[in-house]
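The primary structure of each chain is shown beneath.
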Amino acid sequence: MCGIVGFVGHHQAAPILLDGLSKLEYRGYDSAGLAVRDGEADPVLVKAKGRLQILSDKTDGGKTVVGSCGVGHTRWATHGEPSENNAHPHCSDDHNVVGVHNGIIENYQELKEKLVRNGYSFYSDTDTEVAIKMVDYYYKKYKMGPIDALAKTMVRVRGSYALAVMFKEYPGEIYAARKDSPMIIGVTNGESYLASDVPAVLKYTRDVYYIGNLEMARLTEGKAEFYDLNGDQIEKPLVEIKWDAEAAEKGGYEHFMMKEIHEQPKAVLDTINSMIRYKDEVGEDGTKISGKAFIDLASIGITDEIIRGIHQIHIVACGSAYHVGMAAQYVIEDLARIPVRVELGSEFRYRSLLLDPNDLVVVISQSGETADSLAALREAKDKGVRTLAIVNVVGSSIAREADHVFYTLAGPEIAVATTKGYLTQLVACYILGIQCGIVKGQIPDDKAAELIQELNTLPGKISKILDDKERIQWFAAKFASARDIFFIGRGLDYAICMEGSLKMKEISYVHSEAYAAGELKHGTISLIEEGTLVIGVLTQKALFEKTMSNLVETGSRGAYLANVTTYGNYSVEDSTDFTIYVPKTDEHFAATLAVIPLQLLGYYVACARGLDVDKPRNLAKSVTVE
Ligand code: AGP
């Protein structure tokens, strides 16, 4: 996620902005910038691609940029490659409005078209430049000042934002607007601070205001005023921060992994919204009907014509991303009736590949830098096959080299063990599968609408599972000293087991295996001893009884039986020892929910064993070597 900072007071702003941004580096970024005003002078903007140190060097630690009012930004690219041109701050052409933004403007395309119709031009590929110019547009059109311009923009914009903006005609003032993205405001000793997160201001003050959703603020020297969407002034309580800087970086969670597990609802929502559009329909009586949701892959160049020509899909990935491919195989084959083959990157790159020019190779990678997956991508391209990357890091090698890129909007993932990266990759595959099914004539309009509607319920259902995490913590403590743990399932449930087993192995170091439940009798069941933990995943109705009987078979050999299933399957409690329920959803999407308890189980077992959850031994976040 991006990081924003702001300062207005009687010290030079630039060094304070750079210091604040350095405390937000953990949020991940690819470029940075600042804008500082000296009195009524125009703001001076300085930007740099790459590390914050480059920006600091460009400004001699901030000394060359004079002024006591300014904003700063570290950018995690979502729209537009990492570059100096796309780096924030962004401004209107006459510098009337300049600002920084953390969040995603979902309807930036339509707003950009509106602004172009009103004479605006654009120098960057970012949604932020559109937002800033929307503020400028309303400021000039209605001439009612900054708060009114921001309020009108907030009403028009769809998405999330923490905006910090300066207006030419209001020197020594910073205006803020917030919806969903984090922002805090601190005032002390006649100076005012704004930031995405607490670490950036802790050096100066522990007393902060939390600006609420759809609220605005006006910062002057040592003072902050707050306004609601009507422009009416509102009072806010001053809150004392009790966290230290390290805890603050993790949002108060003990580990980045737990923070990222809890970021999954928003990451899934942002990823869904990035590909769903809404077209207004006119009713028979001529009235406008609220927008009908539809998937728009044309925005990544995957047109209906390309989809019609696909004969087979090859999904190539490593680790958890490979497990996404395993789940996606079931989903896409069932929804679109297109044959899907899933390969490990390290295997694909050395096979004598049977690829057809009408195939589509999909490379899934959170980092976009995994050597085996990148090599596989290059192999596919050498064979003249169309490639689609599903990647989280904008501008990464795999993203740059693939023919098409579907960016997951998970934000930076710090923990080595992926959670939100995995979940958003799954959602990207669902969207691809639904659209392929529609274009291939396998999914009628009403079913497509149902599936898209069900997709939109997933964030809330994920949150519901997270609300029950203490029960999983209790269960994990019982098995923290387990020697072996088996995850069993059939079909899509088997793919979920693969991810659950990897989470357990990679952070708790407990040996674990994921098994197709029907395979146990072909050898592995000999490993089952008294007290061995066997976890069944049972989300697929048609396979429920079969998996249950396999689970019970292991129980008759002494295994302790746990399972993850959907609410309503209460019969499991008659023959197993511990059940974790997840909300019902369309069975194609079950992995998105059933994996959450398994993420938490691995996490809590690792915690109970006192291990370094975020940095497990022998592992790297991105395996950029063979
Ligand atoms: C998963 O928790 C691991 N961190 C690992 O398996 C990872 O998924 C794999 O290395 C692939 O990484 P990528 O998604 O960045 O390509």
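Anything mentioned here points back to the structure above.
Described below are features of the structure shown in this document. Remember, it's a predicted structure, so these values are computed and weren't measured experimentally.

Rules used throughout
Residues numbered from 1 in each chain as written. Predicted model: local features only at pLDDT ≥ 70, side-chain atom pairs only at ≥ 80, totals over all residues. Heavy atoms only, no water. Helix = DSSP H or I, 4+ residues; strand = E, 2+ residues; numbered from the N terminus. Contact = heavy atoms within 4.5 Å. Areas by Shrake-Rupley, 256 points an atom, 1.4 Å probe, with all protein chains shown as cover. Lys, Arg positive; Asp, Glu negative; His and termini not counted. Charge placed at Lys NZ, Arg CZ, Asp CG, Glu CD. Pairing = 2+ DSSP bridges. Axes fitted to C-alpha atoms, helices over the stretch in contact; angles between N-to-C directions. 1 Å grid on protein atoms, 1.4 Å probe; cavity = no way out; pocket = protein on both sides within 12 Å on 5 of 7 lines; lining within 4 Å. Points joined across faces, edges and corners; volume = space filled by probe spheres on them. Nonpolar A, V, L, I, M, F, W, Y, C, P; charged D, E, K, R; others polar. Buried < 20%, exposed > 50% of the residue type's maximum accessible area, 1.4 Å probe, protein only. Arc of directions from axis to C-beta. Core = buried A, V, L, I, M, F, W, Y, C linked by side-chain atoms within 4.5 Å. Parallel < 35°, antiparallel > 145°, perpendicular 65-115°, else oblique.

Before going further, it helps to spend a moment on the overall build of the chain. Per the secondary structure count, the chain includes 20 helices and 27 strands. The contacts of the chain with a sequence gap of at least 6 include a subset with a gap of at least 24, amounting to 69%. Carbon together with sulfur atoms contributes 49% to the accessible area of the chain, which is approximately 23,800 Å² in total. In the chain, 66 side chains carry a positive charge and 85 a negative one; their mean positions are 1 Å apart.

Next up on the list: the sheet that holds strand S12 (residues 215-220). Either a parallel or an antiparallel arrangement is found when strands of a sheet pair, and the pairing is made through backbone hydrogen bonds. Spatially, S5-S6-S7-S8-S12-S13-S14 is the arrangement adopted by the seven strands of the open sheet, whose pairing is antiparallel. Only two strands of the sheet have a single neighbouring strand rather than two, namely strand S5 (90-91) and strand S14 (233-234). Strand direction decides the pairing type here: strand S8 (residues 174-179) and S12, joined by five bridges, are antiparallel. Along S12, the bridge assignment pairs Tyr175 with Arg218. Taken strand by strand, helix H4 (residues 127-142) contacts S5, strand S6 (97-105) and strand S7 (159-167), and its axis lies near 130 degrees from that of S6.

The volume enclosed by the largest pocket comes to roughly 780 Å³. Around the largest pocket, the lining is made up of 40 residues, and of these Met1, Arg27, Pro182, Glu263 and Lys266 lie nearest the centre. Going through the elements one at a time, S6, helix H6 (245-249), helix H7 (256-262) and helix H8 (264-273) are the ones with two or more residues in the lining of the largest pocket. Here the lining of the largest pocket is built from residues that sort into 19 nonpolar, eleven polar and ten charged.

Residues of helix H16 (residues 458-466) that are buried: Leu458, Pro459, Lys461, Ile462, Ile465 and Leu466. Taken end-on, H16 shows its buried residues confined to a sector of 165 degrees, consistent with a single buried face.

All right, on to the nonpolar core then. Within the largest apolar cluster, 126 residues are counted, with the highest numbers of intra-cluster contacts made by Leu297, Ile313, Ile315, Val362, Ile364, Phe406 and Tyr430. Apart from the residues within four sequence positions on either side, Ile315 is in contact with Gly325, Ala328, Ile332, Val340, Arg341, Val342, Glu343, Val362 and Ile364. Formed by 28 residues, the second largest nonpolar core is a distinct cluster that contains Val97, Leu163, Tyr175 and Tyr227.

With that settled, consider the packing of H8 against H16. Packing of H8 against H16 leaves a shortest axis separation of 8 Å and a crossing angle of 170 degrees. In terms of orientation, H8 lies roughly antiparallel with respect to H16. Counted together, Gln264, Pro265, Val268 and Leu269 of H8 and Leu458, Pro459, Ile462, Ser463 and Leu466 of H16 form the full contact between these two elements. Its residues assigned to classes, the contact of H8 with H16 shows seven nonpolar, two polar and no charged.

The subject of this paragraph is the environment of Asp207. If you trace the backbone, Asp207 turns up in strand S11 (residues 207-210). Every residue in contact with Asp207, bar those within four places of it in the chain, is listed here: Ile185, Gly186, Val187, Leu238, Val239 and Glu240.

Bringing the pairing of strand S13 (residues 223-227) into the picture now. For S13, a buried count of four out of five residues is recorded, marking the element as mostly surrounded by other parts of the structure. Pairing analysis gives five bridges linking S12 to S13, with the strands arranged antiparallel. Pairing of Thr220 across the sheet is with Lys223, part of S13. Hairpin connection, S12 to S13: the antiparallel pair is bridged by two residues, and Gly222 has positive phi, about 75 degrees. For S13 and S14, the ladder comprises two bridges, and the chain directions are antiparallel. Bridge pairing in S14 links Tyr227 to Gln233.

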